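So you can see what is in the structure, the chains are spelled out below.
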Amino acid sequence: TLVEQEVNLNLRELDLWRGMTAGSQAQGSWQNAKGLQYEVIVRQILISYVQESGIVVNQSSQRLDLRDGRSILFGSDPDIRLVQGQRVLSAVEIKGGIDPAGAHERLGAAIKTLLNFKEKHPDSVRILLLRRETLTKGLLERIQQSKNEITQWFALEDILNNEQVQSDFIRAFLWEGRTE
């Protein structure tokens, strides 16, 4: 647009514009990469738990088959699922981005994913994981308003730093202690 609308194109202005664009893209990429790191960490927590528990019978990069016939699937929309045959038992949506300005957008996307998931699997457990530092009063209110879509939510930092919270997350995801 700058090139198309400018009658007298100043090459210095164009260089400044390109530099700003590149910087903005780099920052966005960096913030997305930080968010993906949390997804990898949560995957590793679940993998370690089921391996240490001795309940894994088969493992690949996208799937863990458990002794009781359930499987943990890694993918997207939602990020992690627990299935038994065709039945989906639980789902985890991870929003680990660090940009506070984009937190409402990430939460909206997560709620939409979990709502769609709930419509297909109404008796499923739907877990949302978010960065604590991006939680504002407005985000907490929106999470509360979305309690029909979100069965339970956790702060990622709490899962990493508090063994009890980590255990609560794993138990909720794996349906441990839950009766049907």
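One can find the structure itself at the top, above this paragraph.
Residues numbered from 1 in each chain as written. Predicted model: local features only at pLDDT ≥ 70, side-chain atom pairs only at ≥ 80, totals over all residues. Heavy atoms only, no water.

(A) Structural context of the overall build of the protein. Across its full length, the protein holds six helices and seven strands. Taking all 180 residues of the protein together, 41% fall into the buried category. Long-range pairs, those at least 24 residues apart, make up 55% of the contacts in the protein with a sequence separation of at least 6. As displayed, the protein offers around 10,600 Å² of accessible surface, 48% of which is attributable to carbon and sulfur atoms. (Helix = DSSP H or I, 4+ residues; strand = E, 2+ residues; numbered from the N terminus. Buried < 20%, exposed > 50% of the residue type's maximum accessible area, 1.4 Å probe, protein only. Contact = heavy atoms within 4.5 Å. Areas by Shrake-Rupley, 256 points an atom, 1.4 Å probe, with all protein chains shown as cover.)

(B) Highlighting the packing of helix α3 (residues 103-120) against helix α4 (residues 137-145). Running from N to C, α3 and α4 cross one another at 10°; their axes reach a closest spacing of 10 Å. As judged from the angle between their axes, α3 and α4 are roughly parallel. Contact with α3, carried on its side by Ala-103, His-104, Leu-107, Gly-108 and Ile-111, involves Gly-138, Leu-139, Arg-142 and Ile-143 of α4 and no other residues of that element. (Axes fitted to C-alpha atoms, helices over the stretch in contact; angles between N-to-C directions. Parallel < 35°, antiparallel > 145°, perpendicular 65-115°, else oblique.)

(C) Spotlight on the side chain of Asp-79. Here Asp-79 is to be found in the loop between β3 (70-74) and β4 (80-84). Despite being buried, Asp-79 has no salt bridge partner; Lys-95 is the closest side chain of opposite charge, sitting 5.6 Å away. A polar contact is formed between the side chain of Asp-79 and the backbone nitrogen of Ile-94, at a distance of 2.7 Å. Contact partners of Asp-79, with chain neighbours within four places excluded, come to Glu-39, Leu-73, Phe-74, Val-92, Glu-93 and Ile-94. (Lys, Arg positive; Asp, Glu negative; His and termini not counted. Salt bridge = Lys/Arg side-chain N within 4 Å of Asp/Glu carboxyl O. Polar contact = N/O pair within 3.5 Å; in protein donor to acceptor, adjacent residues only side chain to side chain.)

(D) Expanded view of unusual backbone geometry. Here the phi dihedral of Trp-175 falls at roughly 60°; this positive angle occurs in a residue that is not glycine. When you line up the elements, Trp-175 lands in the segment after α6 (163-173).

(E) View of the nonpolar core. Counting residues in hydrophobic clusters, the biggest one holds 29 residues, and the most contacted among them are Ile-72, Ile-80, Ile-127, Leu-129, Phe-169 and Phe-173. Those elements that place two or more of their residues in this core are α2 (11-52), β2 (63-66), β3, β4, β5 (87-95), β6 (125-130), α5 (156-161) and α6. Top element by residues in this core is α2. It accounts for six residues. Core analysis: the next-biggest nonpolar cluster, separate from the first, contains eleven residues, Leu-114, Leu-128, Leu-130 and Leu-139 among them. (Core = buried A, V, L, I, M, F, W, Y, C linked by side-chain atoms within 4.5 Å.)

On their own, these measurements won't tell you what the molecule is for.
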